[in-house]
Amino acid sequence: MHNNESSFQVLIEHSADIITVLDQRGQILYQSPSAHHHLGCDRNPTPQHHHVNLDYLHPDDRERIVRQVHHSEPGMTLTLCPYRVRHANGSWRWMKGTAVNLLDNPNVRGILVQARDVTVEIQAEKRARALEGLSMALASTSTTDQVVQVILLQGLDAMGAIAGGVVRLDDDAQHVNVLGTAGYPERIERPWRRFPWTRLSPPQTPCGKVTISS
């Protein structure tokens, strides 16, 4: 029996999934080492920090997940819809998994949650939907201004960018005109509305400063 328990512990500690045991109040009783790999921190309780709550769940997901888990019947396995968990660096990671109510099990006395990181999958799905929406929106445009607005409103999101712009090279191939930008502070955006075309980028001074023409 002891060997079986030791083997089971080794399997948990080397699992790529995050294994978490919660008590009735949602406090963490145990979390597998894989949490450090996926979330950048160790949330296991210590003598100095033994009240670990669910604040690491995204506010928009917390109530739903807590209600779903805590209202489960003993022994019932629940499939958890994707939810977000805060990484140690402040970003949010998407998780998906299952939860089993083992509060009545004397060997566990907790809620067992098994989760895996699906951030890459969720982001890929969102980007695919955004690209599809962008394609449909561009197909309905008829003017340059409409194209620019669609790219700025939907194109940046489809590319996963937080800032960007649309530029056009003059017919004489001497200057680049910025038709529109999004996400940049005005102090940066305004000087870049037109600049000389020098291959791939505006010319730079020996000090590394960008030279812009008005």
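Residues numbered from 1 in each chain as written. Predicted model: local features only at pLDDT ≥ 70, side-chain atom pairs only at ≥ 80, totals over all residues. Heavy atoms only, no water.

I'd love a proper account of the sheet that holds strand 8 (residues 194–196), names of residues and values included.
The strand order across the open sheet built from three strands is 6-7-8, with neighbouring strands paired in antiparallel fashion. What marks the edges here is a single partner per strand, and that holds for strand 6 (164–169) and strand 8. Each strand axis lies, on average, 30 degrees off the axis of its neighbour in the sheet, ignoring direction. In terms of strand pairing, strand 6 meets strand 7 (residues 175–182) through six bridges, oriented antiparallel. Directly across from Gly164, in strand 7, lies its bridge partner Ala182. (Pairing = 2+ DSSP bridges. Helix = DSSP H or I, 4+ residues; strand = E, 2+ residues; numbered from the N terminus. Axes fitted to C-alpha atoms, helices over the stretch in contact; angles between N-to-C directions.)

Lay out the pattern of salt bridges with the relevant residues and their values.
When the charged atoms of two side chains with opposite charge come close together, those side chains can pair. Taken as a whole and judged by the stated rule, the model has five salt bridges. Across the pair Arg64 and Asp61 runs a salt bridge whose closest N-O atoms are separated by 3.3 Å. With Arg64 and Asp61 both in helix 3 (residues 59–70), this residue pair falls three residues apart, about one helical turn. Asp117 is the salt-bridge partner of Arg93, the closest N and O atoms lying 3.1 Å from each other. Here Arg93 is found in strand 4 (residues 92–102), whereas its partner Asp117 is found in strand 5 (residues 110–117), with 24 residues between them in sequence. (Salt bridge = Lys/Arg side-chain N within 4 Å of Asp/Glu carboxyl O.)

How would you summarise helix 5 (residues 144–159) if you had to cite specific residues and measurements?
The axis of helix 5 is deflected most strongly, by about 35 degrees, at Leu152. Within the span of helix 5, buried status applies to Val148, Val150, Leu152, Gly155, Leu156 and Ala158. (Bend = angle between axes of the 7 residues up to and from the residue. Buried < 20%, exposed > 50% of the residue type's maximum accessible area, 1.4 Å probe, protein only.)

Can you tell me about empty space enclosed by the protein, naming the residues and giving the values?
Using a probe with the size of a water molecule, rolled over the atoms, empty space left in the structure can be pinpointed. All chains considered together, the criterion is met by one cavity of 30 Å³ or more. Taken as a whole, the largest cavity spans an internal volume of roughly 220 Å³. The leading source of residues in the lining of the largest cavity is helix 3, at four residues. (1 Å grid on protein atoms, 1.4 Å probe; cavity = no way out; pocket = protein on both sides within 12 Å on 5 of 7 lines; lining within 4 Å. Points joined across faces, edges and corners; volume = space filled by probe spheres on them.)

So what's going on with the pairing of strand 4? Which residues, and what values?
Where strand 3 (residues 77–86) lies against strand 4, eight bridges are found, and the strand directions are antiparallel. Of the residues in strand 4, the one forming a bridge with Leu80 is Gly97. Where strand 3 folds back onto strand 4 in an antiparallel hairpin, the turn is made up of five residues, including Gly90, whose phi is positive at roughly 95 degrees. As paired elements, strand 4 and strand 5 share eight bridges and run antiparallel to each other. Directly across from Lys96, in strand 5, lies its bridge partner Arg116.

In short, geometric facts, not functional conclusions.
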